[in-house]
Amino acid sequence: MKLLSFTYQGRAHFGALRGQEDIVALDGHGHNSLRAALEADALPALAKLAQTLPTTHRLKDVRLLPPIPVPEKIICVGVNYGNRNEEYKDGSAPPAYPSVFPRFPDSFVGHGEPLLRPPESEQLDYEGEIAIVIGKAGRRISAEDAWSHVAGLTCLNEGTVRDWLKHGKFNVTQGKNFDASGSMGPWMVTADEFDPAAPLTVTTRVNGELRQQDATDNLMFPFAELIRYISVWTTLKPGDVISTGTPIGAGVRFTPPRFLKPGDVVEVEVGGIGILSNPVADEAVASAQGNAHA
């Protein structure tokens, strides 16, 4: 089942996509958001309801939001595909533990919405990824039990402002959290649609040109291990998002670098989910704000 969050005529909804265009709104049936439905363990009941309710919206008429518009936690994983470590050319051994950092909800937009290049930098980059949406809370979850805590998967562009990654000695948070620099969606596909043992392929294109492609059987830390490791130190809750890492081929790795510019279109495609597509635009900043430069 494909579940999505959207706005229509200024009002927020969530629902199920039926076929290619028909949306069945599911808010108003006891839960006002997809996150609330996950917290109530309501997906099985809503799946049955979605089969009987009439179409309420058409996909072309709504504005898509990230599937979980306001997660409590968004945890991103760096350098997780096997050949990504070699891409750094620093001679380091493969990591013993995942590299993780947080992102904030306002740093993501939904499918079709523009990624905003901030006035403080011309180094907006793309990172195509697969994201896990947590469906059942847990702490110290075993790898063997990890998939039972997954509500579904979605596509994610972990957009990055590269020069701002280097402002601090020990963190990348500021370069990873500019408003509207990344995207998520277009929907969440529920976990029952996937075989957890089968590899998934993630592909990134810019203006139709292939930039990234790899499969999850090349992950150094598979989904189950990420859930196990992260849940050691924080309780994972329904609606939390774990972004699982990007393949080689980000714009910064080209010579010269190929950063995003206004007018570009970035597509992240994941088998079994679909295509997340976003144009790129410059962020409009009112002169009264007074641009703050580092």
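Fair warning: this is a prediction, and the values are worked out from it, not measured in the lab. (Residues numbered from 1 in each chain as written. Predicted model: local features only at pLDDT ≥ 70, side-chain atom pairs only at ≥ 80, totals over all residues. Heavy atoms only, no water.)

S.K.: Could you clarify how one ought to interpret the UniProt feature "domain: Rv2993c-like N-terminal" (unreviewed entry) in the protein chain in this entry?
M.R.: Within this numbering scheme, the UniProt entry marks residues 1-67 as carrying the feature "domain: Rv2993c-like N-terminal" (unreviewed entry). Secondary structure content for residues 1-67 is 24% helix and 36% strand, while the C-alpha to C-alpha distance between its ends is 13 Å. (UniProt positions renumbered as here; feature names shortened; annotations may be inferred. Helix = DSSP H or I, 4+ residues; strand = E, 2+ residues; numbered from the N terminus.)

S.K.: Is there a simple way to think about the sheet that holds strand β9 (residues 115-117) in this case?
M.R.: Backbone hydrogen bonds hold the strands of a sheet together, and the pairing may be parallel or antiparallel. Read across the open sheet, the 5 strands follow the order β9-β19-β18-β15-β16; overall the sheet is mixed. Edge strands, defined here as strands with exactly one partner in the open sheet, are β9 and β16 (209-215). Recorded for the sheet is a direction-independent mean angle of 20° between the axes of neighbouring strands. Relative to strand β19 (residues 274-282), strand β18 (residues 265-270) is paired through 6 bridges, and the arrangement is antiparallel. Within β19, the position partnered with Glu267 by the bridge is Ser277. (Pairing = 2+ DSSP bridges. Axes fitted to C-alpha atoms, helices over the stretch in contact; angles between N-to-C directions.)

S.K.: I'm lost on helix α2 (residues 43-52) in this one. Help?
M.R.: For an α-helix, the turn length of 3.6 residues means that residues three or four places apart are oriented alike. Every buried residue of α2 is accounted for by Leu43, Leu46 and Ala50. Seen from one end, α2 has its buried residues packed into an arc of 55°, which puts them on one side. Those residues of α2 that are exposed and aimed more than 90 degrees away from the buried face are Pro44, Ala45, Lys48, Gln51 and Thr52. In this fold, the buried residues of α2 make contact with β1 (2-8), β2 (11-18), β3 (22-25), α1 (34-39) and β14 (182-190). (Buried < 20%, exposed > 50% of the residue type's maximum accessible area, 1.4 Å probe, protein only. Arc of directions from axis to C-beta. Contact = heavy atoms within 4.5 Å.)

S.K.: Please clarify how the pairing of β19 should be interpreted in this entry.
M.R.: Regular strands have side chains that alternate between both faces of the sheet. Note: β9 against β19, 3 bridges, orientation parallel. Of the residues in β19, the one forming a bridge with Leu116 is Ala281. Once β18 ends, the chain turns through 3 residues before running back antiparallel as β19, passing Gly272 with a positive phi of about 85°.

S.K.: Can you walk me through the pattern of salt bridges in this structure?
M.R.: Proximity of charged atoms lets side chains of opposite charge pair with each other. Counted under the stated rule, the structure contains 19 salt bridges. Arg205 is the salt-bridge partner of Glu269, the closest N and O atoms lying 2.9 Å from each other. Separated by 64 residues along the polypeptide, Glu269 in strand β18 and Arg205 in strand β15 (residues 201-206) bring together distant segments of the chain. Looking at Glu269, the relative accessible area reads 28%, which means it is partly exposed. Beyond isolated ion pairs, a larger network of salt bridges with shared partners links Arg103, Asp125, Glu127, Glu158, Arg162 and Lys176. (Salt bridge = Lys/Arg side-chain N within 4 Å of Asp/Glu carboxyl O.)

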